[in-house]
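Structural overview for review
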Amino acid sequence: MTARLTVAEVFALLIGVASMRATGSLPFSQLADAGLAKIEQALPADKIRDLRRFLDCLHVGRLSPQQDTSDMGTMDPALLPSFEAAFLERHFLRFQYRDAKGNRTGREVEPQAMLILPPIWYLVAWDPARNDFRHFRMDRITNPQPLKDRAFRRRHIPFEDDVCPYRDLPL
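Keep in mind the model is a prediction, meaning the values are calculated, not measured. (Residues numbered from 1 in each chain as written. Predicted model: local features only at pLDDT ≥ 70, side-chain atom pairs only at ≥ 80, totals over all residues. Heavy atoms only, no water.)

1. Digging into the overall build of the chain
Condition: Counting from the N terminus, the helices are DSSP H or I runs at least four residues long and the strands are E runs at least two residues long. With a 1.4 Å probe rolled over the protein chains alone, any residue whose accessible area is under 20% of its type maximum counts as buried; one over 50% counts as exposed, and the rest are partly exposed. Contact criterion: two residues are considered in contact whenever any of their non-hydrogen atoms come within 4.5 Å of each other. Only the protein chains shown count as cover for residues, and all accessible areas are computed by the Shrake-Rupley method using a 1.4 Å probe.
When helices and strands are counted, the chain shows four helices and seven strands. Its helices and strands taken in sequence order, the chain reads α-α-α-β-α-β-β-β-β-β-β from the N to the C terminus. In the chain, which comprises 171 residues, the proportion classed as buried is 44%. Here the analysis covers contacts within the chain between residues at least 6 apart in sequence; of these, 69% occur between residues at least 24 apart. In the form shown here, the chain has an accessible surface area of approximately 9,600 Å², with 52% of it arising from carbon and sulfur atoms.

2. Here's the deal with the packing of aromatic side chains
The following threshold applies: Any two rings among Phe, Tyr and Trp, with Trp reduced to its six-membered ring, count as a pair given centres within 6.5 Å; such a pair is stacked if its planes are under 30 degrees apart, edge-to-face if over 60, and tilted if neither. Two limits define a charge over a ring: the Lys NZ or Arg CZ must be within 6 Å of the ring centre, and within 35 degrees of the ring normal.
Throughout the structure, instances matching the rule amount to six aromatic pairs. Geometrically, the ring pair formed by phenylalanine 95 and phenylalanine 136 is edge-to-face, given 5.2 Å between the ring centres and 80° between the ring planes. Remark: phenylalanine 136 occurs in strand 5 (residues 132–137) and phenylalanine 95 occurs in strand 2 (residues 91–98); sequence separation between them is 41 residues. Note on phenylalanine 95: relative accessible area 1%, which makes it buried. Residue classification places phenylalanine 136 among the buried positions, given a relative accessible area of 2%. One aromatic cluster is present, formed by Phe95, Tyr97 and Phe136 through successive ring pairs. The ring centre of phenylalanine 92 lies 3.8 Å from the NZ or CZ of arginine 150, which sits over that ring.

3. Things to note about helix 4 (residues 79–89)
Counting buried residues in helix 4 gives eight out of 11 residues, a clear majority hidden from the surface. With its phi angle positive at about 55°, arginine 90 sits one or two positions after the end of helix 4.

4. Some words on the nonpolar core
Definition in use: Among buried residues, those of type Ala, Val, Leu, Ile, Met, Phe, Trp, Tyr and Cys that are joined through side-chain atoms within 4.5 Å constitute a nonpolar core.
Formed by 36 residues in total, the largest nonpolar core has its most connected members in Phe11, Phe54, Phe83 and Leu123. Tallying contributions element by element places helix 1 (residues 7–23) first for this core, with seven residues. When sequence neighbours within four positions are dropped, the list of residues in contact with phenylalanine 11 reads Leu51, Phe54, Leu55, Leu58, Leu80 and Met114.

5. Focus on the pattern of salt bridges
Using the following cut-off: By definition, a salt bridge exists where a carboxyl oxygen of Asp or Glu is found within 4 Å of a side-chain nitrogen of Lys or Arg.
Going through the model one piece at a time under the given rule, you end up with 11 salt bridges. Where arginine 53 meets aspartate 50, a salt bridge forms, and the shortest distance between an N and an O atom there is 3.7 Å. A residue pair is termed a helical-turn pair when its members lie 3 or 4 positions apart in one helix, as arginine 53 and aspartate 50 do in helix 3 (residues 45–55) at three residues. On the accessibility criterion, arginine 53 (31% relative accessible area) is partly exposed.

6. Observations regarding the environment of alanine 86
Inspection of the secondary structure puts alanine 86 in helix 4. Other than its neighbours up to four places away in sequence, alanine 86 contacts His91, Leu93, Pro111, Pro146 and Phe152.

Structure below.
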């Protein structure tokens, strides 16, 4: 059964656990970790390599208590499969974005990381139009499409001190 899971499905399980761990509300964490390790072991070597590369893009931190979460929306189901293609193949990502004021724009960015600040999730991307990193709330992204004809290089992201890579989360 586990050999049929896609990298995106296993990644979704892992980020669910990471999100719960970041909020400090992961009961049975040792069982969850053991189960996820077994799933990972059942994957073929190429899928394990892709999963690890995907996990290297995941960072977790804590949301500021001042952050307003009253306008949280749902995430587009096409995000994770699009992210998988964009992150693993390092393709630009095109999407529609709605900012905090409700303004809509089309964006083409270099996806560099996913940032979980529970309950808010962000895409951290280099935005060539602005020549800077931008954080895009995932619940405000729609119609994501990897641009297979445009590749990019990985960049160092200057995260705050309280943000850590998924792999460095305490068990």
